[in-house]
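Structure at a glance
These are the residues of each chain, in order.
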Amino acid sequence: MQGPTHLMLSWYFAESAGVRSARDRRIVAWAGFAPDIDVLAYAGAIVWYGFDKDLAYENVWQLVHHRYTHGLSFVLLTGVLAWWLASRTPARARVALLALLASAIHNFFDLVGGGPTWPIYPLWPLSDFKWYATWSWTIGAWPNIVILFGCLGAMLLYARVVGRSPLECFGDRASAWLTGVVRQERRSDSAAAGRLRWVIWVSVALLAVAVLAPLGFNPFG
Ligand SMILES: [Zn+2]
């Protein structure tokens, strides 16, 4: 599944678990995204190979992705990091546990929505055991795209109804901005609100393209 999908799903997970502070919700959400930090290796490789994406893909991304950060050891590391970062409240252990779970769920989702040719390595570095499901769909397949857009749509709706959203992962101000936009639009159908709504939808579409383009997703072919 795509990184932004993991981030949003984990935020909803924290929200549904009743995590009170925005900071702790952020920790759980980013913990759910964390296994995909290996994308940094891909970004580094693209630069290393002089922006030859195919070479970077073959020599680095294909070997690195899902291998070192999609397993038990990284899940545990995420839990420890979350414990260290979480607010010093009695709920601290709970936040760490939720973060650990979010990281583990990420692996499960990648198993389901990653394709049989892209296994995860749950026991690395103890074992090179590959885990994949023959019935799983590939990363660029339509269910992943439907889930991504479902999460984005839910984000707008959630911001409107509850007053916060997964955009909180990027700061309270980002979240407050989105809430302001979607609520203003409900109260008055002013031209400015209408324009802003278009800006948001175009941004969502561009984001989807940015996510899907590196995967070789081509809607016309
Ligand atoms: Zn992943």
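Provided above is the structure to which this section pertains.
Residues numbered from 1 in each chain as written. Predicted model: local features only at pLDDT ≥ 70, side-chain atom pairs only at ≥ 80, totals over all residues. Heavy atoms only, no water.

A short note on the state of the cysteines
Put simply, the rule reads: We call a pair of cysteine sulfur atoms a disulfide whenever their separation is within 2.5 Å. Each residue is assigned to one of three classes by its accessible area relative to the maximum for its type, calculated with a 1.4 Å probe on protein chains only: buried under 20%, partly exposed between the two thresholds, exposed over 50%.
In total, this model carries zero disulfides according to the counting rule given. Cys169 takes part in no disulfide bond, and the closest cysteine sulfur, belonging to Cys151, lies 11 Å away. Accessibility expressed as a relative area gives 6% for Cys169, which makes it buried.

Quick notes on the nonpolar core
Most often, soluble globular proteins have nonpolar side chains that are buried together. Heads up, the condition is: For our purposes a nonpolar core is just a set of buried Ala, Val, Leu, Ile, Met, Phe, Trp, Tyr and Cys residues, chained together by side-chain atoms within 4.5 Å. Each helix is a run of DSSP H or I of at least 4 residues and each strand a run of E of at least 2, with the numbering of both proceeding from the N terminus. Whether two residues touch is decided by their heavy atoms; if any such pair falls within 4.5 Å, the residues are in contact.
Residues Met8, Tyr12, Leu152, Met155, Leu178 and Ile200 are the most contacted members of the largest nonpolar core, which totals 18 residues. Listing elements by their share of this core, those giving two or more residues are α1 (3-16), α7 (142-162), α8 (172-187) and α9 (191-212). Residue contributions to this core peak at six residues, all from α7. With near-sequence residues (within four places) excluded, Met155 lies in contact with Met8, Tyr12, Ser165, Pro166, Leu167 and Leu178.

Looking at the side chain of Arg67
Tracing the chain through its elements places Arg67 in the loop between α4 (53-64) and α5 (72-85). Once residues lying within four places of it in the same chain are set aside, the contact partners of Arg67 are Tyr121, Trp124 and Asp128.

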